[in-house]
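# A structural walkthrough
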Amino acid sequence: MQLTDKQVSIDRALQAIGLLIACIGATPVMAEQPISAQEMDDLVVTATRLATPRGELASSVTVITAGDIKRRQFRSVSQALRSVPGLHVVQAGGPGQQTSVFMRGANSNHTLVLIDGVEATDPSSPAGAVDFSNLWLDNIERIEVVRGPQSTLYGSDAIGGVIHITTRRGEGKLHGTGKLEGGSDNTFNQQVSAAGSGGRVNYSFGVTHVDTDGDSVTPRRLRNGVAAEDDTSENWTTSVRLGMTVSDTLDVTLFGRYIDSETDLDPELEMFGSGTTEDRDARLDQTEYLLRGEATAQLLDGLWQATLSTSYSDFDRKNRNDRQLPTETLTRTRFDGDKLKFELKNDFYPVDTHILTLGLETEKENMDSGGFSDFGGFFVGEETEADARNNAVYVQDQFSYAQRVFATVGMRYDDHDDFGSELTYRIAPVYALRETGTQLKASVGSGFKAPTLFQTDGFTPNNFGSFYRGSPDLDPEKSFGWEIGMEQMLWGKRMSFGVTWFKSNIDDLMQVVFDPAFNSTYENIDEADIQGAETFIRVQPLDSLAIHLDYTYTDAEDDDSGERLLRRPKHKLDLDVEFRPISRASINLAVIYVSDYKDISRESSGIVKGDDYAVLDVAADYQLNRQWRLFGRVENATDEHYEPADGFQASDRALLAGVELKL
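Everything in this summary refers to the structure shown in the same document. (Residues numbered from 1 in each chain as written. Predicted model: local features only at pLDDT ≥ 70, side-chain atom pairs only at ≥ 80, totals over all residues. Heavy atoms only, no water.)

## Concerning the overall build of the protein
- The secondary structure content of the protein amounts to five helices and 36 strands.
- For 663 residues, the compact-globule estimate of 2.2 N^0.38 gives 26 Å, and the C-alpha radius of gyration of the protein, at 25 Å, lies within 12% of that figure.
- The C-alpha extent of the protein, read off along each of the three principal axes, is 80 × 70 × 50 Å.
- Within the protein, the fraction of its 663 residues that count as buried is 54%.
- The contacts of the protein with a sequence gap of at least 6 include a subset with a gap of at least 24, amounting to 63%.
- Of the roughly 28,600 Å² of accessible surface on the protein, a fraction of 57% belongs to carbon and sulfur atoms.
- Of note, the protein has its 63 positive side-chain charges centred 6 Å away from the centre of its 105 negative side-chain charges. (Helix = DSSP H or I, 4+ residues; strand = E, 2+ residues; numbered from the N terminus. Rg over C-alpha atoms; globule rule 2.2 N^0.38 Å. Buried < 20%, exposed > 50% of the residue type's maximum accessible area, 1.4 Å probe, protein only. Contact = heavy atoms within 4.5 Å. Areas by Shrake-Rupley, 256 points an atom, 1.4 Å probe, with all protein chains shown as cover. Lys, Arg positive; Asp, Glu negative; His and termini not counted. Charge placed at Lys NZ, Arg CZ, Asp CG, Glu CD.)

Structure follows, in structure tokens:
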């Protein structure tokens, strides 16, 4: 009998897990030795939706802490994510420009992004990919990145993995922080925050303002001799977190985030005497509201923890482009999307070695678009109004045996208005031998990506009599994936290394198709085959020196044509070196190297080979005293000229410096 690719993948995954179990059985049992909680790694929540020591998780997890953000002086979420193994960040220009993340070779809309538990996907986005361009880091406590299919706990969008961004929780007496920084491209950023707790209440509040002239998005080779024009960006972000312990068994927490941004764009190229290479009046205005409230109750003497939550997100995007010449583009479009979600999560603790989780969810999303774009006489309208509801139930068992074997088994059922039902699952065992610092892990699971409202119900007519119309009969994109890996600590925990192999297949990928009358819609016609490896090594030869090196290999291909998937580099190398010459000072050096990838030409729309590039960033700070800290950095220190997305150049070398005051 001829086996299908998916059957072969399942067979290989089961063989891999069998090999892991065999290794577990062959490992000699040694006497237990005491180990501190810190040595067992920090607690991670996103992987299982329960606070779990990282050493007990089979998932590939990267945690970016507030300390990491401060040390490397990351400003945006996209900057922080660039160094994460398995992730490739593509920013179409400088600050504020469209920014996408590709996780483990999956599409940019295959990564679920949460901010304090609120889904950051704009329901009015045509493909449903999160734009990271407006996500800044002040008042952020940590970012957890979980790679591999996670639909069992999170539903749609989590084919590649999940990124969860968390706001700081207030603790202790009222304290505040003020920060000013400025530098290249007339950049001037300000940030203030306050946090604390008292009695039964904790609170955290922050306001960030980012303002920069930036550089031109369009590289010199495409300007046709036109002088460069800066593409400015301005962003206001306000965040708040309020918590209250109502009683010994009930806690209530409220989260809120508001983002208001304005960015200059270069949306078109001058070709055949028409268009505007350096567009001086095209801009994108965006506002985002993210709100969430949750109540957690301890019931039955701690045997049952129930969490009831509701979240709401609202996105508003407006594109404006005036016409300077009759052949140029005139744009007046708007896109509005919102989502309301309710969830009840129940965690049961029947015995010490099992935690059972049962969750119920219901959510409704809406989109409304309007306006038009006039491309020198070719008129395209935006006329979409749509909504959809999804209901889901999931169950998970997280268990352990002899404090050596840990595993998570889960299943989820989704029922959607448009495509019906979808069943997903995940099995993830891990074996941790604390005495030798060894961890063996594996997982196998499935995922899916629901069609967006635009893909099922969108409508964009044009004045030539043709149109785009969504397809309500679309099926969700489906994935199956597995991974197997190991991690090892050596040299008194001053050195660690690890490797993870992963493979996934994605079926029913949605693509735009045209009929003979040039009408277009989406159909499920494509498949992808992805495999690769993530490796790392961390060394701390001195108390004052730490070195961290990551390498990711990714082979992502279209299953039918065998062609490489766009913007998925085969090779990605990340180096992070921290040096503390004295206790009050630190110097950080980071290098990111990307090579061997294909892209779509901005100029011809054909497939082109992307340029390899290496970017060096250097950051340093000095703690003057308890209150004052000086800091500065050089971004792209070697002034590398490169295009992360073809036809959109990255920022040149930038020097920035600032001061922070703590009260």
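Next comes the rest of the write-up.
## Topic: the pairing of strand S29 (residues 545-558)
- With 13 bridges joining them, strand S28 (residues 520-542) and S29 adopt antiparallel strand pairing. Note on S29: the bridge partner recorded for Ile530 is Ala556.
- Between S28 and S29, which pair antiparallel and follow one another directly, the connecting turn spans two residues.
- Note: S29 against strand S30 (residues 571-579), nine bridges, orientation antiparallel. In the strand pairing of S30, Tyr553 is matched with His571. (Pairing = 2+ DSSP bridges.)

## Looking at the nonpolar core
- Counting 27 residues, the largest nonpolar core has Leu81, Phe132, Ile143, Ile163 and Ile165 as its most contacted members.
- Elements with a contribution of two residues or more to this core: helix H3 (77-81), strand S4 (87-91), strand S5 (99-103), strand S6 (111-115), strand S8 (140-147) and strand S9 (161-167).
- Apart from the residues lying within four places of it in its own chain, the contact partners of Ile165 are Val77, Val113, Leu114, Ile115, Asp116, Leu135, Ile140, Arg142 and Ile143. (Core = buried A, V, L, I, M, F, W, Y, C linked by side-chain atoms within 4.5 Å.)

## Here we look at the side chain of Asp599
- Position of Asp599 relative to the elements: it lies in strand S32 (residues 598-600).
- Here the side chain of Asp599 touches Arg567 through a polar contact of 2.8 Å, side chain to side chain.
- If sequence neighbours within four positions are ignored, Asp599 has contacts with Leu566, Arg567, Gly606, Ile607, Val608, Pro644, Ala645 and Asp646. (Polar contact = N/O pair within 3.5 Å; in protein donor to acceptor, adjacent residues only side chain to side chain.)

## With respect to the sheet that holds S8
- Pairing is mixed across the open sheet formed by five strands, whose spatial order is S3-S8-S9-S6-S7. The outermost strands of the open sheet, each flanked by one partner alone, are strand S3 (60-65) and strand S7 (118-119).
- One ladder, built from two bridges, connects S6 with S7; its direction is antiparallel. Considered in S7, the bridge of Ile115 is made with Val118.

## Examining the pattern of salt bridges
- Throughout the structure, instances matching the rule amount to 52 salt bridges.
- A salt bridge links Arg494 to Asp543; the nearest nitrogen and oxygen atoms lie 2.5 Å apart. Remark: Asp543 occurs in the loop between S28 and S29 and Arg494 occurs in the loop between strand S26 (477-490) and strand S27 (495-514); sequence separation between them is 49 residues.
- Between Glu660 and Arg629 there is a salt bridge, with its nearest N and O atoms 3.1 Å apart. Placement of the pair is Glu660 in strand S36 (residues 654-662) and Arg629 in strand S35 (residues 628-635), with a sequence separation of 31 residues.
- A residue is classified by how much of its surface remains accessible, and Arg629, at 4% relative accessible area, is buried.
- Salt bridges sharing partners connect three or more residues here, namely Arg49, Glu119, Lys339, Lys341, Glu343, Glu361, Glu363, Glu365, Arg412 and Asp414. (Salt bridge = Lys/Arg side-chain N within 4 Å of Asp/Glu carboxyl O.)

## Re a negative patch on the surface
- On the surface, a cluster of negative charge is contributed by Glu385, Asp387, Asp415, Asp417 and Asp457.
- Given a relative accessible area of 41%, Asp387 falls into the partly exposed group. (Patch = residues over 30% accessible without salt bridge, like charges linked within 9 Å, V, L, I, M, F, W, Y side chains within 5 Å.)

## Remarks on unusual backbone geometry
- The backbone of Asp157 shows a phi angle near 85 degrees, a positive value even though the residue is not glycine.
- By relative accessible area, which is 8% here, Asp157 ends up buried.

## Thoughts on the side chain of Thr357
- Note on placement: Thr357 falls in strand S18 (residues 354-375).
- Residue classification places Thr357 among the buried positions, given a relative accessible area of 2%.
- Among the polar contacts made by the side chain of Thr357, one reaches the side chain of Asp347 at a distance of 2.8 Å.
- The residues touching Thr357, leaving out its near neighbours within four places in the chain, are Leu50, Lys345, Asn346, Asp347, Tyr394, Val395 and Gln396.

## A look at the pairing of strand S17 (residues 329-351)
- Relative to S17, strand S16 (residues 304-321) runs antiparallel, the two being bridged by 18 bridges. Residue pairing for S17: Arg317 is matched across the bridge by Phe335.
- As judged from the 21 bridges shared by S17 and S18, these two strands associate in the antiparallel manner. The partner of Asp347 across the bridge, within S18, is Thr357.

## Section: the packing of aromatic side chains
- Scanning all chains against the criterion turns up nine aromatic pairs.
- Note on Phe378 and Phe464: the rings are 5.3 Å apart at their centroids and 55 degrees apart in plane angle, and the pair reads as tilted. Separated by 86 residues along the polypeptide, Phe378 in strand S19 (residues 378-381) and Phe464 in the loop between strand S24 (459-461) and strand S25 (467-469) bring together distant segments of the chain.
- For Phe464, a relative accessible area of 63% puts it in the exposed group.
- Above the plane of the ring of Phe467 lies Arg469, whose end atom (NZ or CZ) is 5.1 Å from the centre.
- The ring centre of Phe648 lies 4.1 Å from the NZ or CZ of Arg602, which sits over that ring. (Phe/Tyr/Trp six-rings, centres within 6.5 Å; stacked < 30°, edge-to-face > 60°. Lys NZ or Arg CZ within 6 Å of the ring centre and 35° of its normal.)

## Remarks on the environment of Arg220
- Relative to the assigned elements, Arg220 resides in the loop between strand S12 (201-212) and strand S13 (233-247).
- In this structure, the C-alpha to C-alpha distance between Arg220 and Gly647, residues 427 residues apart in sequence, is 9.5 Å.

## Side note on the environment of Val252
- Note on placement: Val252 falls in strand S14 (residues 250-264).
- Residue classification places Val252 among the partly exposed residues on the basis of a relative accessible area of 28%.
- Val252 sits 57 residues away from Ser309 along the chain, and the two C-alpha atoms are 9.6 Å apart.
- In contact with Val252, not counting residues within four places along its chain, are Leu242, Gly243, Met244, Val246, Glu294 and Ala295.

## Side note on a nonpolar patch on the surface
- A cluster of nonpolar residues, Leu308, Leu344, Leu358, Leu360, Val393, Val395, Met411, Tyr413 and Leu423, forms a patch on the protein surface that exposes about 740 Å² of accessible area.
- Elements that contribute at least two residues to the nonpolar patch include exactly S18, strand S20 (384-401) and strand S21 (405-416).
- One can find Tyr413 in strand S21.

## Observations concerning the environment of Val61
- Assignment of secondary structure puts Val61 in strand S3.
- Measuring from C-alpha to C-alpha, the distance between Val61 and Arg147 comes to 6.5 Å, with 86 residues separating the pair along the chain.
- Apart from residues no more than four positions distant in its own chain, Val61 is found in contact with Val44, Ala47, Arg54, Val145, Val146 and Arg147.

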